[in-house]
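Structure assessment
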Amino acid sequence: MNQYYEPDNNSFDVLVQNSTGKIFYIPEAAQSYFPKWSNSKPNRDAAMDKAGNLYTKTSSGIAKISFIEDMAQLTPYSYRELIKYDSEMHILDNGTLVLLCHVDENLYDGHTYNFVQCLYSNGGFEELDGTSPNEPAHNKEDFEGQKDRLYFSVADGKLMAIKLPKENFQYYENWEDWSRYYYLNEEVSIELVNIEVGTSYGSIEVSDPLTKLSGTNDMLDYNEYNYYVNGVWERGIDWTYFVRRTDCDEKFCYDKLWKGQRYWFIGNILAYDTETRTWIDFMKPVSETEWPLHDNVIQARSDNMYKGKAWDVSLDVSWWFDIETLECGFVQSKFEADASNYTVLSTIRDIPHGTIKCNVISPVDGKKYIISIDIETGEYTQAEQANQDLDIIELIPMN
């Protein structure tokens, strides 16, 4: 939903249907059901089902908007429990709405979801907590009550989770030095599981592991770190180190599970090859003097994919990562050299169509132009805006 202004009138809100270009006026009384969002970044508070119904998170719960010809019909679901946490909304293939929630501020880095809320089509509501306390034991035997951890994602219309067995986190205090903790087990492991979600209350089940990776972490001291010095990686940092991190100073912190055709990815740390059934550790250096691949991994989303590659784009340069070949690279924008000749008013990154579009003014002639940059080649075109008296507030890509 975008906000617009008319001369001598109050502002009003509109909802643009990308598939048809239809614009729906939002009455002031209904504005609280439509969270404002920008077309230039993903919206975490809305999702659309296969039937074309739009769901939004509101100040009082969840709202469903159905489109019938030129009318939009709103149905509210008044569950205040659904808006208690920072969350990301998805619709599963079976029509169940899920909110991936963050409930532990000590673990939050903008990507970690350790709590799930489900809203079923019949109005039922259910929650699943995937976390457990992380207090150190006072001795090597005191780990009663600990549970495995689950960190949730939605991939290919299904709810999945990264499962971290409780044994990964069994660490204890050193009585001689209260500032240091020590891990009980050298081996750490990570599993990928399906979270089976039905269409009614009581249908949630955690599947057996789809795959599992185990490794030995020889840094049993909780306070030890690996580091890069004099062009060489000291002590061989790898995925096991990041699995054990319980704060979010590190990049991994149980990042999202996402999928390509061949690979299943865990953030930018690991990839599982479904053909060879082997794991790839992106944290291992390519050589003694080359940085690991994880710096070049771009997580794939529906809004950043173009020709099988995930893109991270700007007016200056577009970086890409091929999620099937694991190759990466960048394209320098030709517009970068000429950008100083324009005043950029607004930008839309329409990656699924391979373009970045800018609404600009040329100081040379004072005219307004639309700049279109091809992210694959870096070339750009310039087109004079047809109506020079019209102020373009935001460019909206159509499906």
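Refer to the structure presented above.
Residues numbered from 1 in each chain as written. Predicted model: local features only at pLDDT ≥ 70, side-chain atom pairs only at ≥ 80, totals over all residues. Heavy atoms only, no water.

1. Some points on the overall build of the protein chain
When helices and strands are counted, the protein chain shows one helix and 32 strands. By the burial criterion, 47% of the 399 residues in the protein chain qualify as buried. At a minimum sequence separation of 6, the contacts of the protein chain that also span at least 24 residues come to 48%. For the protein chain, the exposed area adds up to about 20,500 Å²; of that, 46% sits on carbon and sulfur atoms. (Helix = DSSP H or I, 4+ residues; strand = E, 2+ residues; numbered from the N terminus. Buried < 20%, exposed > 50% of the residue type's maximum accessible area, 1.4 Å probe, protein only. Contact = heavy atoms within 4.5 Å. Areas by Shrake-Rupley, 256 points an atom, 1.4 Å probe, with all protein chains shown as cover.)

2. Overview of the pairing of strand E9 (residues 97-102)
Side-chain direction in a regular strand flips from residue to residue, so the side chains alternate between the two faces of the sheet. Most of E9 is tucked away: six of the six residues are buried. Because side chains alternate across E9, one face comprises the buried residues Leu97, Leu99 and Cys101, and the other comprises Val98, Leu100 and His102, equally buried. Across six bridges, the pairing between strand E8 (residues 86-91) and E9 is antiparallel. Bridging across to E9, Ile91 finds its partner in Leu97. Hairpin connection, E8 to E9: the antiparallel pair is bridged by five residues, and Gly95 has positive phi, about 95°. With five bridges connecting them, E9 and strand E10 (residues 115-119) associate as antiparallel partners. Pairing of Val98 across the sheet is with Cys118, part of E10. (Pairing = 2+ DSSP bridges.)

3. A short note on the packing of aromatic side chains
On inspection of all chains with the given rule, the structure shows eleven aromatic pairs. Between the aromatic rings of Phe265 and Phe321, the centroid separation amounts to 6.2 Å while the plane-to-plane angle is 75°, which identifies the pairing as edge-to-face. You can see Phe265 sitting in strand E22 (residues 263-266) and its partner Phe321 sitting in strand E27 (residues 317-322), a full 56 residues away along the chain. Among the residues examined, Phe321 registers a relative accessible area of 0% and is labelled buried. The interplanar angle of 45° and the centroid separation of 4.9 Å between the aromatic rings of Trp319 and Phe330 together place this pair among those described as tilted. Placement of Trp319 in strand E27 and of Phe330 in strand E28 (residues 328-332) is noted, with a sequence separation of eleven residues between them. (Phe/Tyr/Trp six-rings, centres within 6.5 Å; stacked < 30°, edge-to-face > 60°.)

4. A short note on the pattern of salt bridges
Scanning the model with the defined rule gives 14 salt bridges in all. Ionic pairing is found between Asp93 and Lys50, a salt bridge with its closest N-O pair at 4.0 Å. On the criterion of sequence distance, the pair formed by Asp93 in the loop between E8 and E9 and Lys50 in the loop between strand E4 (46-48) and strand E5 (54-57) is long-range, its members being 43 residues apart. Between Asp273 and Arg262 there is a salt bridge, and its shortest N-O distance comes to 2.6 Å. Taken as a pair, Asp273 in strand E23 (residues 270-273) and Arg262 in the loop between strand E21 (257-259) and E22 lie far apart in primary sequence, eleven residues in all. Through salt bridges with shared partners, a single ionic network connects Asp148, Lys163, Glu191 and Lys212. (Salt bridge = Lys/Arg side-chain N within 4 Å of Asp/Glu carboxyl O.)

5. Focus on the sheet that holds strand E32 (residues 380-384)
Read from one edge to the other, the open sheet built from four strands follows the order E29-E30-E31-E32, with strand pairing classed as antiparallel. Two strands lie at the open edges of the sheet, namely strand E29 (343-350) and E32, each paired on one side alone. For this sheet, the mean inter-axis angle between neighbouring strands, taken without regard to orientation, is 20°. As judged from the seven bridges shared by strand E30 (residues 355-361) and strand E31 (residues 368-374), these two strands associate in the antiparallel manner. Residue pairing across strands places Asn359 opposite Ile370, the latter belonging to E31. (Axes fitted to C-alpha atoms, helices over the stretch in contact; angles between N-to-C directions.)

6. Section: unusual backbone geometry
Its identity as a non-glycine residue notwithstanding, Asp156 has a phi of 55°, on the positive side. Judged by its relative accessible area of 54%, Asp156 falls in the exposed class.

7. Some remarks on the sheet that holds E4
Across the sheet, four strands lie side by side as E4-E5-E6-E7; this open sheet has antiparallel pairing. Edge positions in the open sheet fall to E4 and strand E7 (71-77), since each of these has one partner strand only. In this sheet, neighbouring strand axes are inclined to one another by 20° on average, regardless of whether the strands run parallel or antiparallel. Here E4 runs beside E5; their pairing, made up of three bridges, is antiparallel. Note that in E5 the partner of Ala46 across the bridge is Thr56.

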